[in-house]
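Here is how the chains run, residue by residue.
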2 protein chains.
Amino acid sequence: MGTVVIKFGGSSLSTTDKIKNAARRIIAEKENGKKVVAVVSAMGKTTDQLLTLAGEITARPAKREMDMLLATGEQVSISLLSMALTEMGAEAVSLTGWQAGIITEKVHNNARIVDVKADHIEKILQEGKTIVAAGFQGVTEDGEITTLGRGGSDTTAVALAAALKAERCSICTDVTGVFTSDPRYVPQARKLASISYDEMLELANLGAGVLHPRAVEFAKNHSVSLEVRSSSENEKGTVIEEEASMEKNLIVRGVAFEDDITRMTVFGLKNEITGLSSVFSTLAANQIDVDIIIQSQTENETNLSFSIKDKDRQEAVEVLEKEKGSIGFDHIECETGLSKVSIVGSGMVSNPGVAAKMFAVLAENGIQSKMVSTSEIKVSVLVDAEQMKPAAQHLHDAFELGVLEETASK
Amino acid sequence: MGTVVIKFGGSSLSTTDKIKNAARRIIAEKENGKKVVAVVSAMGKTTDQLLTLAGEITARPAKREMDMLLATGEQVSISLLSMALTEMGAEAVSLTGWQAGIITEKVHNNARIVDVKADHIEKILQEGKTIVAAGFQGVTEDGEITTLGRGGSDTTAVALAAALKAERCSICTDVTGVFTSDPRYVPQARKLASISYDEMLELANLGAGVLHPRAVEFAKNHSVSLEVRSSSENEKGTVIEEEASMEKNLIVRGVAFEDDITRMTVFGLKNEITGLSSVFSTLAANQIDVDIIIQSQTENETNLSFSIKDKDRQEAVEVLEKEKGSIGFDHIECETGLSKVSIVGSGMVSNPGVAAKMFAVLAENGIQSKMVSTSEIKVSVLVDAEQMKPAAQHLHDAFELGVLEETASK
C-alpha cells in the first residue's frame, strides 16, 4: 500500500468548513488505498493575529520566542483536522513538528531540516491511522522549537515524502495547478500537465508563487514526485518530476513576472578587482537579495548595475553609502518601480534563438528592455511596470503557450 | 539565591497590557534577589475560542486531540510573557510543558503529574534567566501531549515549586487573598493573613474557587509554601502553610458556600448490604460526584439521600433507573436548587460545640437545614437557595470572622 503526503496551506484551512473539505480530500485518497500523511499550515489569518499580539508586546521579539508563538498556529490546525477526520470515520493522529521527527539546525525563524526521524510516523501508519503533521516547524536536537521560514510547510511535506519514500507529495492550494502564466494577467494562460523540477524552480523563483523554491529544490534532490492541485476541486493538477512529459514543440513552458523591482547602479567603482565583491558582500551581510547583475566598463570607469526589491532600496543605499570609503565608488543611482518578465523552458538549451525571438517580440511591441539575465532554461528582462502585462501577453502568444495541445498523459 | 514560582491565571493575562503587568510583577521579584519561574495559563478567553472551533468540527472530539488543541493556549502566553520580560530587560526563556519536564500519566484531559524533570529549568535559572513555563500541560513518557484538567495551572506551579525546592509558590489572581467568606455575599468578609493546608482544602472543595484543591493537596504533600495574592495590586496576600499562624480565638476560619445543588433520595433499597455500593458505583462509573450522603432506616425500608450538582441530576436519574433491576429500589425523588453553606476551621477539633452553635444560629434565623455533613474541620448544611446568603452572613457574624484582629505577622 503506497503512501502519499498531502499538504494544505493556510487559505485551504481558513474556516472549519474548509478543514472539513480537506478531510474529505484525504479520505478520497484513503479510499484509493493509500496511506496518507497530511501536512498543514496555520489556519488562514492565524499567523497575522499572532504577529499582532507580539507587536503589542515588543518591536524586537526574540527569534526563539517568535518560533514558540508561531508554532501554535499549525498545532491548532493539526488537532482540528484530526478531529474532522476521526468524525468522518478515518482515525487520525496529529503530530507537532517535534513529534513528527522534523529535526532542524539550531537556527530560529528560518531553520533548515537536517533530518527526519520517521519511525514514529511509520508505526502509526502501520496501525492504519492517518497522520496529520504540523508543517513549518521542527525541533533541534536539544529540544528547541524552530520554524522553517517562508515556504516552510511545503518543505516539511517534501521532507516527509522523501523520508517515507512516498509515491507522491501533493501540494493542495487555491489554484488547480501550475499555469503557463498568471491567468489574472494573461487570460490565455492554461494549466500544464507536467513540468520539470528545474523549470518549476525557475518559475518559483520568478514569482509564480505556487510552490516555494526551497521545497522544489528539496524535491529535486530527493526525487520526490510533486503535484500541485486544488484543495477543493477534483481536477487533475500539475506534476513536477525529473523529466516532465514532453509537450509538442514546447520549448518555452511558462511566462513569469514580478513587480516592485529597483535597478540600482553604482557609478565609478575605483577598484575593478575588489569592487564587485565589496558591493555584494555588503548587501549580503544585510540580507538584501540581488537578482540580475550587469557590469559595464568604459575607458575611464567601471559601473555596476543590479536589480533588487523596491522594499530593500533604502537600506541598500544606506549600507553602501556607509561603506563608500572602503568600497570606493563615485555615486549611486536608482530606478524604482520596474517589473521583471521571464520565459522559462528546459527546451531552450537545445533550441538556440529563443532569447533572440523574445527580444524581437518585445521590440515589435515597443517594449524597452532595461536589463537582461539568462540561464540555461530562462531569459529575464526588466521592463517598465506598465509594460509588464503587455509583455507577458505578447510573449505568451508568440511562444504559442495558450494554443498548444498537451500530449502528456491525462 | 532563593527560587520563587509565580503563577498567573488566564484573567491576569487576558490582554497584552495585562501580560506586561505580569512581567512587572516578575521583575519586582527578581529585584528582590529571587530566581523566578513563572507558570501561566492561556490568555483570557483563548480556551473558549478553541473549544468553539472544535465544536464546529465535531460534538465528540477525541480527547487526545483536545489536549493537542488546548495546549496551544498556554504556548501563546509563555512566548508573549517571555517577550515582555526580555523587552523590559529581564532575559526570559519560555518552556512548553514537555520542555519544562512535566511528566504525566498517560491519560488525556485530566492527567496527573507523575514526575518533574527539573534539570533543564535549573540549568536555565543558573544562567540568570527567568523561566516562563506553560501551566496545565504535560507530556507522557512516550511523548504524547496531555493536559491536567481543572486547576491544572495551579498544580503545575506547585509541582515545579516542589521539584525546585522553591521558597514560595505565589498564585496571582483577581483577588488579593483568601477571605473569611465571599465579599460579594458577605460584605463583612476580610482577608486572612494565613490559613492551613487542610482549611484551605476544605474551603477550596467547598467552592471558594481561589485555588484548586488538587494544587492545595499537592502543596500539602510536598510542604510547598503557597501564597494567594493579587496579580495587579502590590498588597500582601494569604499564606497557606502547615501551621497557619494562629489568630486570636479563631476557631472558625471561613464561611464557604456553593449553589445549584440537588438532593436526591433513593427510596426502598431492597438490599441493605449491596444497595449502597451499587448506587454509588453506578454514579461513579458515570463521573457523577456525590457530596453529602445520608442513609436512613425505618422499620420497613432503607432510604438513601445524597447531594449532587444540579447539572448532573438528569444523568444521575437515568443511570440509576437503568440499573433499577440490579440495584433494587422502589423510586427516586429529587429536590433541586439547594445551596450548601459550610464553616471551616482547624480549631474545631479541640473546640466542641461548634456544630451546635452553627445549628442554633441557623434555627434562630429561621433557616432550615436539609442535610448535614461534618469533618474534623468543617460543618456543611444544605439550605434553600434563597437562604444561602443570609445563612452565610449570620454565621460570619456569629463566629466573629469580620471583627477579629489578626495577630499573624504582617
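Residues numbered from 1 in each chain as written. Chains lettered and ligands numbered in written order. Predicted model: local features only at pLDDT ≥ 70, side-chain atom pairs only at ≥ 80, totals over all residues. Heavy atoms only, no water.

Peer 1: Hey, could you run me through the domain arrangement of chain A in this one?
Peer 2: Segmenting chain A into domains produces domain 1 (3-174) and domain 2 (255-398). The distance between the C-alpha centroids of domain 1 of chain A and domain 2 of chain A comes to 37 Å. (Domains from an automatic or database assignment.)

Peer 1: Would you take a moment to explain the packing of aromatic side chains for this structure?
Peer 2: Aromatic ring pairs: the centre-centre distance and the angle between the two ring planes describe each pair. Taken as a whole and assessed by the stated rule, the structure comprises five aromatic pairs over all chains. When the ring of Tyr-185 of chain A is compared with that of Phe-257 of chain A, the centres are 5.1 Å apart and the planes differ by 70 degrees; the resulting orientation is edge-to-face. Note that Tyr-185 of chain A is positioned in the loop between β9 (168-173) and β10 (194-196) and Phe-257 of chain A in strand β13 (residues 254-269), a separation of 72 residues in sequence. Take Tyr-185 of chain A: its relative accessible area is 27%, and that puts it in the partly exposed class. When its relative accessible area of 9% is taken as the criterion, Phe-257 of chain A is described as buried. A ring pair is formed by Phe-280 of chain B and Phe-306 of chain B, whose centres lie 5.4 Å apart and whose planes are at 70 degrees; its orientation type is edge-to-face. Residue Phe-280 of chain B is located in helix α8 (residues 275-285), and its partner Phe-306 of chain B is located in strand β15 (residues 302-309); the two are separated by 26 residues in the primary sequence. A relative accessible area of 17% means that Phe-280 of chain B is categorised as buried. Just above the ring of Phe-399 of chain B sits the side chain of Lys-357 of chain B; from NZ or CZ to the centre is 4.8 Å. (Phe/Tyr/Trp six-rings, centres within 6.5 Å; stacked < 30°, edge-to-face > 60°. Helix = DSSP H or I, 4+ residues; strand = E, 2+ residues; numbered from the N terminus. Buried < 20%, exposed > 50% of the residue type's maximum accessible area, 1.4 Å probe, protein only. Lys NZ or Arg CZ within 6 Å of the ring centre and 35° of its normal.)

Peer 1: Even after reading the chapter, I still don't get the pattern of salt bridges, so can you show me in this structure?
Peer 2: Oppositely charged side chains can form a pair if their charged atoms are brought close together. All names here are of chain B. In the structure shown here, the tally under the stated rule is 50 salt bridges over all chains. The residue Arg-112 makes a salt bridge to Glu-105 at a minimum N-O spacing of 3.1 Å. Given a relative accessible area of 54%, Arg-112 falls into the exposed group. Note that Arg-184 is salt-bridged to Asp-182, the shortest N-O span being 2.7 Å. Using a relative accessible area of 70% as the deciding quantity, one classes Arg-184 as exposed. Judged by its relative accessible area of 19%, Asp-182 is buried. (Salt bridge = Lys/Arg side-chain N within 4 Å of Asp/Glu carboxyl O.)

Peer 1: Sorry, what's going on with unusual backbone geometry here?
Peer 2: For residues other than glycine, phi is negative in most cases, and the peptide bonds are mostly trans. The backbone of Asp-260 of chain A shows a phi angle near 60 degrees, a positive value even though the residue is not glycine. With respect to the helices and strands, the residue Asp-260 of chain A is situated in strand β13. A positive phi angle, near 55 degrees, is found at Gln-287 of chain B, a position not held by glycine. Its location among the elements puts Gln-287 of chain B in the loop between α8 and β14 (293-297). Owing to a relative accessible area of 66%, Gln-287 of chain B belongs among the exposed residues under this scheme.

Peer 1: In this structure, what is going on with the sheet that holds β15 of chain B? I would like to understand it.
Peer 2: Strand pairing within a sheet occurs via backbone hydrogen bonds; the two strands may be parallel or antiparallel. All names here are of chain B. The sheet built from six strands is open, its strands ordered β14-β15-β13-β16-β18-β17 with antiparallel pairing. A strand with exactly one partner marks an edge of an open sheet, and here the two such strands are β14 and β17 (371-375). Across the sheet, the mean angle separating the axes of adjacent strands is 30 degrees when strand polarity is ignored. Two strands pair when backbone bridges link them, and strand β13 (residues 254-269) and β15 are joined in this way by seven bridges, in the antiparallel orientation. What sits directly across from Thr-265, in β15, is Ser-305. Relative to strand β18 (residues 378-384), helix α11 (residues 354-364) is tilted by about 20 degrees, and along the sheet it contacts β16 (331-344), β17 and β18. Strands β13, β16 and β18 of the sheet are contacted by helix α12 (residues 388-398), whose axis makes an angle of about 125 degrees with β13. (Pairing = 2+ DSSP bridges. Axes fitted to C-alpha atoms, helices over the stretch in contact; angles between N-to-C directions. Contact = heavy atoms within 4.5 Å.)

Peer 1: Before we go on, may I ask you to explain the sheet that holds strand β11 (residues 226-230) of chain B in this structure?
Peer 2: All names here are of chain B. Spatially, eight strands are ordered β3-β6-β2-β1-β9-β11-β12-β10 in an open sheet, and the strand pairing comes out mixed. At either end of the open sheet lies a strand with only one pairing partner, and these are β3 (92-95) and β10 (194-196). Neighbouring strand axes in the sheet, compared pairwise and without regard to direction, differ in orientation by 20 degrees on average. Where strand β9 (residues 168-173) lies against β11, five bridges are found, and the strand directions are parallel. When the bridges of β11 are listed, Cys-169 appears paired with Leu-226.

Peer 1: I tried to follow helix α5 (residues 152-163) of chain B on my own but got confused; where do I start?
Peer 2: Owing to its 3.6 residues per turn, the α-helix brings residues three or four apart onto one side. Residue and element names in this part refer to chain B. Compared with an ideal rise of 1.5 Å per residue, which puts twelve residues at 16 Å, α5 spans 16 Å between its outermost C-alpha atoms and is within 8% of the ideal. Regarding α5, the residues found buried are Gly-152, Ser-153, Asp-154, Thr-155, Thr-156, Ala-157, Val-158, Ala-159, Leu-160 and Ala-161. At the exit of α5 stands Lys-165, carrying a positive phi of roughly 50 degrees. (Expected span 1.5 Å × (residues − 1).)

Peer 1: Sorry if this is basic, but what is going on with the interface of chain A and chain B here?
Peer 2: Counting residues at the interface gives 40 residues for chain A and 40 residues for chain B. Taken over both partners, the interface formed by chain A and chain B buries close to 3300 Å², and the fraction arising from carbon and sulfur atoms is 64%. For the interface between chain A and chain B, the tally reads two salt bridges. Among the ionic pairs, Glu-87 of chain B bridges to Arg-60 of chain A, the shortest N-O distance being 3.3 Å. Put simply, chain A and chain B have 16 residue pairs in polar contact (both at pLDDT 80 or more) between them. For the side of chain A that touches chain B, the secondary structure elements donating two or more residues are α1 (16-31), α2 (46-57), α3 (63-87) and β3 (92-95) of chain A. Here the side of chain A that touches chain B takes 16 residues from α3 of chain A, the largest share from any one element. Residue composition of the side of chain A that touches chain B, by class: 23 nonpolar, ten polar and seven charged. (Buried area = accessible area lost by both parts, 1.4 Å probe. Polar contact = N/O pair within 3.5 Å; in protein donor to acceptor, adjacent residues only side chain to side chain. Nonpolar A, V, L, I, M, F, W, Y, C, P; charged D, E, K, R; others polar.)

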